[in-house]
Amino acid sequence: MTYDALIPVIRRLALEAGDKIMEIYNSDDFDVKVKSDDSPVTEADEAADALISAGLREAFPDILLVTEEQAASHSEKGDTFLIVDPLDGTKEFINRRGDFTVNIALVENGVPTRGVVYAPAKGRMFYTQADGQAVEETGALDKAQAGDVTPISVSEPDNSALLIVASKSHRDQATEDYINKYQVQDSKSAGSSLKFCLVATGEADLYPRVGRTMEWDTAAGHAVLAGAGGKVVRFDNHEPLTYGKDGYANPFFIAYAPGVELKEA
């Protein structure tokens, strides 16, 4: 598998999954179930997962696929794998807020190297090109052919007036306490992996996450941010956040533009 082969496939599958999700989102009602970890899952999660998984397995049958909605994949291991969250921000979806995304990423030797983040309700799509540069596609989002893209890059932050983005559904006192260590010009909330993309475009400088996430929640956004010159590090020791960990669970982390002077946890 080459990056040139990968990018058109994950871009198209994200768009197709987005259509399926919006069809259910715009319906009068949809089913919500509760998984064993008490997190919600909808028919949109399951429909998007089935579509993306089938497409990836057909295109890249030899590459390990890890997806949130297929528990059997969570015990599998490999140096190289595709990792999918078919609908990140399920709570945003259920509450009919538009901050949910489709996430597909490639991880190689612990590093998310390529990925796509698509927010269908917002009509925003971010991905890494084959050469690794992160872009936002600004065209018609045609499934058959990529439209115009704008290269994106992180901000040159002013440490006396930082722009912070934090979770909409998980913004707690620990997060506020950490944010208060910085001189903040503006602080906003966003759902799902869009927070990585806001740092990648320079719309925010810093995204601290003091709460539980899984690798499928973060890999695609991490890849997009890295392709825009940004970094993601562990909250506790500021070492790079790596992937392929036991159970695919993440520690707390910080995503940021490298000009930010990080504060200790």
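**Side note on helix α6 (residues 215-227)**
Line of reasoning, step 1. When the terminal C-alpha atoms of α6 are compared, their 18 Å separation across 13 residues agrees well with the 18 Å that a helix rising 1.5 Å per residue should span.
Line of reasoning, step 2. With 12 of 13 residues buried, α6 lies mostly within the body of the structure.
Line of reasoning, step 3. Three or more residues of α6 are buried, namely E215, W216, D217, T218, A219, A220, G221, H222, A223, V224, L225 and G227.
Line of reasoning, step 4. Looking at the residues trailing α6, positive phi occurs at G229, about 95 degrees.

**Thoughts on the side chain of S167**
Line of reasoning, step 1. By the element assignment, S167 lies in strand β10 (residues 162-167).
Line of reasoning, step 2. Apart from residues no more than four positions distant in its own chain, S167 is found in contact with S189, A190, K195 and R209.

**A short note on the environment of G89**
Line of reasoning, step 1. Residue position: G89 is located in the loop between β4 (80-88) and α3 (90-94).
Line of reasoning, step 2. Judged by relative accessible area, which is 16%, G89 ranks as buried.
Line of reasoning, step 3. Between the C-alpha atom of G89 and that of G191, which follows or precedes it by 102 residues, the distance is 6.1 Å.
Line of reasoning, step 4. Residue contacts for G89: discarding those within four places in its chain leaves F100 and S192.

**So, the pairing of β4**
Line of reasoning, step 1. With eight of nine residues buried, β4 is to be regarded as a mostly interior element.
Line of reasoning, step 2. Of the pairings in the sheet, the one linking β4 to strand β5 (residues 101-108) comprises seven bridges and is antiparallel in character. The residue bridging F81 from the neighbouring strand is V107, located in β5.

**Observations concerning unusual backbone geometry**
Line of reasoning, step 1. A positive phi angle, near 50 degrees, is found at N109, a position not held by glycine.
Line of reasoning, step 2. You can see N109 is positioned in the loop between β5 and β6 (111-119).
Line of reasoning, step 3. In this structure, H238 is a non-glycine residue whose phi angle is positive, near 60 degrees.
Line of reasoning, step 4. Along the chain, H238 turns up in the loop between β14 (231-234) and β15 (249-250).

Rules used throughout
- Residues numbered from 1 in each chain as written.
- Predicted model: local features only at pLDDT ≥ 70, side-chain atom pairs only at ≥ 80, totals over all residues.
- Heavy atoms only, no water.
- Helix = DSSP H or I, 4+ residues; strand = E, 2+ residues; numbered from the N terminus.
- Expected span 1.5 Å × (residues − 1).
- Buried < 20%, exposed > 50% of the residue type's maximum accessible area, 1.4 Å probe, protein only.
- Contact = heavy atoms within 4.5 Å.
- Pairing = 2+ DSSP bridges.

Bear in mind that shape data such as this cannot, by itself, settle questions of function.
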